[in-house]
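Coordinates in review
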Amino acid sequence: MSRLNEVSDRIAARFTTEFSRMKTEGSPELFDPRWGFVDKTGAVTFEVAPIKYAVHGRRHLKLKLRYLPLFSDLKSAYDIGVGSGQMFMLLRDALGIRTRGLDAENVKGAYLYREFRRELGIDDAVDLFEIRLGSAIPIPQGVDAVLALWPTFDRGWGPSDHDWFVNLCRSRGAKRLVWRFNMGAVVPETLSFYEQAGAEYPWPQDRGFLFLTL
């Protein structure tokens, strides 16, 4: 955990310096979502935009720690949406799970997340790939669990899209699919789809966090 905090601190220092430079110069780069300074509306915010994982790294790491006991039975995992790498590193280093992952090259915060991958030394374990409906995803064959934790790739998806995704994971021999939905992006029909599919809820009060046996 100390390494994750140290990496977050170094990246926060570099990126806030860049932010100050851009702001002073009035550079339009400031609003390039790949830097991670703006939220989905284009507003600059260090509380909601991807930069939060650097400047508030300890806070977000603490939030993720409570999930760890729920994954202790896994031997392998494929983390879709590695982002800052916090969950990836916790699974791999704290629990000893064989972990590989995926991230999109031009996702919001792409420059920030690239620095996290480099600093953490996980470049070779993260596939750079943009998920498109109907396309193959490089999920390793026979992985214990496919994880989609606070993802953005599913924005706008409905039940039929999730049915495709579930079947894709199943075709790769994955044993379990785990979602921690961004509740502002998921539609009620999707949540109903997973309930009808027999999803389990580790925390019954949180219907956006579910496990589906495949």
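Relevant structure appears above.
Note that the structure is a prediction, hence the values are computed from the model and not measured.

1. Here we look at the packing of aromatic side chains
Aromatic ring pairs are reported here in terms of the distance separating the ring centres and the angle at which the planes meet. Enumeration over the complete set of coordinates arrives at 25 aromatic pairs. Ring centres of Trp203 and Phe209 lie 5.2 Å apart, and the angle between their planes is 45°; this geometry places the pair in the tilted category. The class for Phe209 is buried, based on a relative accessible area of 0%. In this structure an aromatic cluster arises from ring pairing among Phe153, Trp157, Trp164, Phe165, Trp179, Phe181, Phe193 and Tyr194. Here Lys64 stacks its cationic end above the ring of Trp150, 5.2 Å away from the centre of that ring.

2. Thoughts on the nonpolar core
Judged by nonpolar contacts, the single largest core of 44 residues is most densely connected at Phe15, Phe37, Phe71, Leu112 and Leu147. Where this core is concerned, the elements lending two or more residues are helix 1 (2-25), helix 2 (52-55), helix 4 (86-94), helix 5 (110-120), strand 4 (145-149) and strand 6 (209-213). With seven residues, helix 1 is the single largest residue contributor to this core. With residues up to four places along the chain from it excluded, the contact list for Phe71 reads Met87, Leu91, Leu95, Ile97, Leu147, Val178 and Phe211. In this structure, Tyr78, Tyr201, Leu210 and Leu212 belong to the second largest nonpolar core, which totals 27 residues.

3. Topic: the pairing of strand 1 (residues 76-80)
Here strand 1 lies mainly inside the structure; five of its five residues are buried. Because side chains alternate across strand 1, one face comprises the buried residues Ser76, Tyr78 and Ile80, and the other comprises Ala77 and Asp79, equally buried. Taken together, the five bridges between strand 1 and strand 2 (residues 98-103) define a ladder with parallel strand orientation. Bridged to Asp79 within strand 2 is Gly101. Between the parallel pair strand 1 and strand 2, the chain is carried across by helix 4, and the sense of this crossover is right-handed. Bridging between strand 1 and strand 4 involves three bridges; their strand directions are parallel.

4. Examining the environment of Ala148
In this structure, Ala148 sits in strand 4. For the pair Ala148 and Phe193, spaced 45 residues apart in sequence, the C-alpha separation works out to 16 Å. Those residues in contact with Ala148 that lie beyond four places of it in its chain are Ile80, Phe153, Val178, Trp179 and Arg180.

5. With respect to the packing of helix 1 against helix 5
The geometry of helix 1 relative to helix 5 is characterised by a closest axis approach of 10 Å and an angle of 140° between their N-to-C directions. As judged from the angle between their axes, helix 1 and helix 5 are oblique. Crossing of helix 1 against helix 5: the hand is right-handed. Residue-level contacts link Arg3, Leu4, Val7, Ser8, Arg10, Ile11, Arg14 and Phe15 of helix 1 to Tyr111, Leu112, Glu115, Phe116, Glu119 and Leu120 of helix 5. Its residues assigned to classes, the contact of helix 1 with helix 5 shows eight nonpolar, one polar and five charged.

6. So, the pattern of salt bridges
Considering all chains together, one arrives at 19 salt bridges under this definition. Glu115 is the salt-bridge partner of Arg118, the closest N and O atoms lying 3.3 Å from each other. In this pair, Arg118 and Glu115 both sit in helix 5, three residues apart, roughly one turn of the helix. Salt bridges sharing common partners tie together Arg10, Arg14, Glu115, Arg118 and Glu119.

7. Topic: the sheet that holds strand 1
A sheet is described by the order of its strands in space; here six strands give the open sequence 3-2-1-4-5-6, paired in mixed fashion. Of all the strands in the sheet, just strand 3 (126-128) and strand 6 have a single pairing partner and so form its edges. In this sheet, adjacent strand axes meet at a mean angle of 15° when their direction is disregarded. In the packing of helix 6 (residues 159-171) onto the sheet, the strands contacted are strand 1, strand 4, strand 5 (176-180) and strand 6, and the crossing angle to strand 5 comes to about 140°.

Reading guide: rules and limits
- Residues numbered from 1 in each chain as written.
- Predicted model: local features only at pLDDT ≥ 70, side-chain atom pairs only at ≥ 80, totals over all residues.
- Heavy atoms only, no water.
- Phe/Tyr/Trp six-rings, centres within 6.5 Å; stacked < 30°, edge-to-face > 60°.
- Buried < 20%, exposed > 50% of the residue type's maximum accessible area, 1.4 Å probe, protein only.
- Lys NZ or Arg CZ within 6 Å of the ring centre and 35° of its normal.
- Core = buried A, V, L, I, M, F, W, Y, C linked by side-chain atoms within 4.5 Å.
- Helix = DSSP H or I, 4+ residues; strand = E, 2+ residues; numbered from the N terminus.
- Contact = heavy atoms within 4.5 Å.
- Pairing = 2+ DSSP bridges.
- Right-handed = clockwise from strand over helix to strand, strands pointing away.
- Axes fitted to C-alpha atoms, helices over the stretch in contact; angles between N-to-C directions.
- Parallel < 35°, antiparallel > 145°, perpendicular 65-115°, else oblique.
- Left-handed = near helix turned anticlockwise from the far one by under 90°.
- Nonpolar A, V, L, I, M, F, W, Y, C, P; charged D, E, K, R; others polar.
- Salt bridge = Lys/Arg side-chain N within 4 Å of Asp/Glu carboxyl O.

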